[in-house]
Amino acid sequence: MRRPNWVPEGTDLDKPNAARVYDYYLGGSHNFEVDREMARKAIALWPELPQIMRSNRAFLRRAVQFVAEQGITRFLDIGSGIPTFGAVHEIARAINPESEVVYVDRDPVAAAHSRLLLQDDPQSAVVQADLRDVDDLLERPEVRALLAPGEPVAVLLVAVLHFVGDADDPWKLVAVLRDALPPGSALVLSHASLEGRPDQAEDHQKLYRMTPTPLTMRTVEQITAMFTGFELVEPGVVYLPQWRPDQPEAVGQHPERMTGVAGVGFRA
């Protein structure tokens, strides 16, 4: 396969990659046939997957717009994947052109793609780090520079904590991040819930157990507990389409079918 100019040297073009599969779900163009084939297999098991992923991305857009409108210009996007389709820096800079973003992903392929895409962007940085080693993440120079001025920072944990198993204590990881944030900082979080589609939850988790990124769906109560130390803004932790929709009629009659829940909170 001919290597497109956005693909780093040494990338295995014959192996599917989770970040590029997600890009395909979103309707993006940064994916290959091998990624699309994997996505089609997943969609055959759960036809609503693309709609769920797009609902999650729409939440990200609304949440970034919201915190940017509150004056936040610094963003730490953990588990960012490839920042292509509706990326945080594009959303934030539509509100404030001075916005700075540090993208973090543990996947070396996603990090390499991201660096190549953002190499000419001085207000964006890319870090390959693992949320599960949060102390290491916080010590990376790019992250330290983002936090150093003491200005509020929005930490984005969008569709990432369900890839952190209970053994790694995601609640503690969020607490460590919280304690490192300046006052007035925000937490933007979405997470796959058990309540949304209990009929699909186990099959979906089985599907992800066959990949390098197993999935742990959690209850709304468990997810809400991740906001400890943050003051939730209205409407609290709700299903993805219900969080401050652009148009109330866009929510639909069954927002729970999107399975994920989301919320935004601010640190006092």
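Conventions we followed
- Residues numbered from 1 in each chain as written.
- Predicted model: local features only at pLDDT ≥ 70, side-chain atom pairs only at ≥ 80, totals over all residues.
- Heavy atoms only, no water.
- Buried < 20%, exposed > 50% of the residue type's maximum accessible area, 1.4 Å probe, protein only.
- Helix = DSSP H or I, 4+ residues; strand = E, 2+ residues; numbered from the N terminus.
- Pairing = 2+ DSSP bridges.
- Phe/Tyr/Trp six-rings, centres within 6.5 Å; stacked < 30°, edge-to-face > 60°.
- Lys NZ or Arg CZ within 6 Å of the ring centre and 35° of its normal.
- Axes fitted to C-alpha atoms, helices over the stretch in contact; angles between N-to-C directions.
- Parallel < 35°, antiparallel > 145°, perpendicular 65-115°, else oblique.
- Left-handed = near helix turned anticlockwise from the far one by under 90°.
- Contact = heavy atoms within 4.5 Å.
- Nonpolar A, V, L, I, M, F, W, Y, C, P; charged D, E, K, R; others polar.
- 1 Å grid on protein atoms, 1.4 Å probe; cavity = no way out; pocket = protein on both sides within 12 Å on 5 of 7 lines; lining within 4 Å.
- Points joined across faces, edges and corners; volume = space filled by probe spheres on them.
- Right-handed = clockwise from strand over helix to strand, strands pointing away.

## A look at the pairing of strand β8 (residues 260–267)
- Buried residues dominate β8, accounting for 7 of its 8 residues.
- Where strand β7 (residues 238–239) and β8 come together, 2 bridges link them in antiparallel fashion. Note that in β8 the partner of Tyr239 across the bridge is Val261.

## Examining the packing of aromatic side chains
- In the structure shown here, the tally under the stated rule is 3 aromatic pairs.
- Ring centres of Phe66 and Trp243 lie 5.7 Å apart, and the angle between their planes is 85°; this geometry places the pair in the edge-to-face category. Residue Phe66 is located in helix α3 (residues 49–69), and its partner Trp243 is located in the loop between β7 and β8; the two are separated by 177 residues in the primary sequence.
- When its relative accessible area of 0% is taken as the criterion, Trp243 is described as buried.
- Three or more aromatic residues joined by ring pairs make a cluster, and in this case those are Phe59, Phe66, Trp243 and Phe266.
- Across from the ring centre of Trp243, 5.6 Å away, lies the NZ or CZ of Arg244, which sits over that ring.

## Structural notes on the packing of helix α1 (residues 18–25) against helix α2 (residues 33–45)
- In contact at an axis separation of 9 Å, α1 and α2 are set at 65° when each is read in the N-to-C sense. The angle between α1 and α2 places the two elements in the roughly perpendicular class. Between α1 and α2 lies a crossing whose hand is right-handed. Every residue of α2 that contacts α1 at Arg20, Val21, Tyr24 and Tyr25 is listed here: Asp35, Arg36, Met38, Ala39, Arg40, Ala42 and Ile43.
- Classifying every residue of the contact of α1 with α2 by side-chain character gives 7 nonpolar, no polar and 4 charged.

## A short note on the layout of surface pockets
- Roughly 280 Å³ of internal volume is contained in the second largest pocket.
- Taken together, 17 residues line the second largest pocket, and the ones lying closest to its centre are Ser55, Pro241, Ala250, Val251 and Met258.
- Among the residues making up the lining of the second largest pocket, the classes are represented as 7 nonpolar, 5 polar and 5 charged.

## As for unusual backbone geometry
- Following Glu234, the chain continues to Pro235 via a peptide bond in cis, the omega torsion being 10°.
- Inspection of the secondary structure assignment puts Pro235 in the loop between β6 (230–232) and β7.
- Although it is not a glycine, Asp169 sits at a positive phi angle of roughly 50°.
- Inspection of the secondary structure assignment puts Asp169 in the loop between β4 (154–158) and α8 (170–180).
- Here Asp169 falls in the partly exposed class, since its relative accessible area comes to 32%.
- Of note in the backbone geometry, Arg244 takes a positive phi value of approximately 45° without being a glycine.
- For Arg244, a relative accessible area of 36% corresponds to the partly exposed category.

## Structural notes on the pairing of strand β3 (residues 124–128)
- For strand β2 (residues 100–105) and β3, the ladder comprises 5 bridges, and the chain directions are parallel. Across the sheet, residue Val104 finds its bridge partner in β3, namely Val127.
- Considered for its hand, the β-α-β crossover made up of β2, helix α5 (residues 108–117) and β3 is right-handed.

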